[in-house]
Every structure is written in structure tokens, then in C-alpha cells.
Amino acid sequence: MGSHRIFLVAYDVSEPRRWRQVYRYLLGYRVGGQKSVLEVMVTPAELRDMREALLEMIDADEDRLHIVALDPRMETRCLGIANSFKETHFSIL
């Protein structure tokens with residue numbers, strides 16, 4: 001997958017307008033997840049841009065947002081009806 005890496009983005013945004021703005025923004029990078037915890041696949045440059053954009057969207061005094069790098073060496077374990085992102089390539093249109 002080249003320089004793309006998978007990150008887990010979890011957020012708790014207290015104001016509905018800001019929550020929708022963050023959610024809609026992250027949908028452009030989403031490869032999995034649900035509600036306020038999403039898996040995103042980005043390059044280092046996209047990650048930098050994402051952090052800057054999200055920092056402008058949230059209220060740092062009221063909201064929480066975590067971006068966690070997932071170790072690609074770890075085995076993916078899915079429970080219930082969950083499934084893992086297994087594509088070797090992808091496109092964002």
C-alpha cells in the first residue's frame with residue numbers, strides 16, 4: 001500500500017454541528033469503523049493535513065479527538081459481524 005498507513009480516529013464532540021462537520025470530513029478517508037470511531041488510511045502528508053483541519057473543527061476546551069496509529073504487523077481480530085479491510089489498493093473519489 002505504499003506510504004499509506006491505517007489509523008484509528010476516535011472522537012467525542014459535544015456540539016452537534018461540530019460533530020457533523022468532523023464526521024463528514026472523516027468520511028473522505030474512512031475505510032472502516034462506525035459512528036465516532038473510524039479507521040482511516042492516509043499518507044503522512046494527508047495525516048498532517050487531517051490533524052490541522054480537525055484542530056480547526058473542534059473546540060479544544062470541550063471536545064476530544066484521538067488519532068492512533070495501528071501496527072500493521074498485528075493480526076486483525078474481528079468479533080461478531082465485523083470484517084476487516086483487506087483491499088490491496090483503494091481510491092477515494
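Summarised in this report is the structure supplied together with it. (Residues numbered from 1 in each chain as written. Predicted model: local features only at pLDDT ≥ 70, side-chain atom pairs only at ≥ 80, totals over all residues. Heavy atoms only, no water.)

### Some remarks on the pattern of salt bridges
Heads up, the condition is: For this document, the term salt bridge refers to a Lys or Arg side-chain nitrogen within 4 Å of an Asp or Glu carboxyl oxygen. Each residue is assigned to one of three classes by its accessible area relative to the maximum for its type, calculated with a 1.4 Å probe on protein chains only: buried under 20%, partly exposed between the two thresholds, exposed over 50%.
Applying the stated criterion across every chain yields a total of four salt bridges. Among the ionic pairs, Arg17 bridges to Glu15, the shortest N-O distance being 3.9 Å. On the basis of relative accessibility, which here comes to 27%, the residue Glu15 falls in the partly exposed class. What you see here is one network of salt bridges that share partners, running through Arg18, Glu62 and Asp63.

### Description of helix 1 (residues 16–27)
Note the following rule: Note on conventions: DSSP H or I runs of at least 4 residues are helices, E runs of at least 2 residues are strands, and numbering of each starts at the N terminus. Expected span, for any helix, means 1.5 Å times one less than how many residues it has. Taking the helix axis as origin, the arc is that swept by the directions to the C-beta atoms. A 3.5 Å cut-off defines polar contacts: any pair of N or O atoms within that distance qualifies, except that in protein one atom must be a possible hydrogen donor and the other a possible acceptor, and neighbouring residues in sequence count only when both atoms are side-chain atoms.
Between the first and last C-alpha of helix 1 there are 16 Å, a value that for twelve residues agrees with the 16 Å anticipated at 1.5 Å per step. For helix 1, the set of buried residues is Arg18, Val22 and Leu26. An end-on view of helix 1 places all buried positions within 65 degrees of arc, on one side of the element. The distance from a side-chain oxygen at the start of helix 1 to the backbone nitrogen of Arg17 is 3.0 Å, and the residue carrying that oxygen is Glu15.

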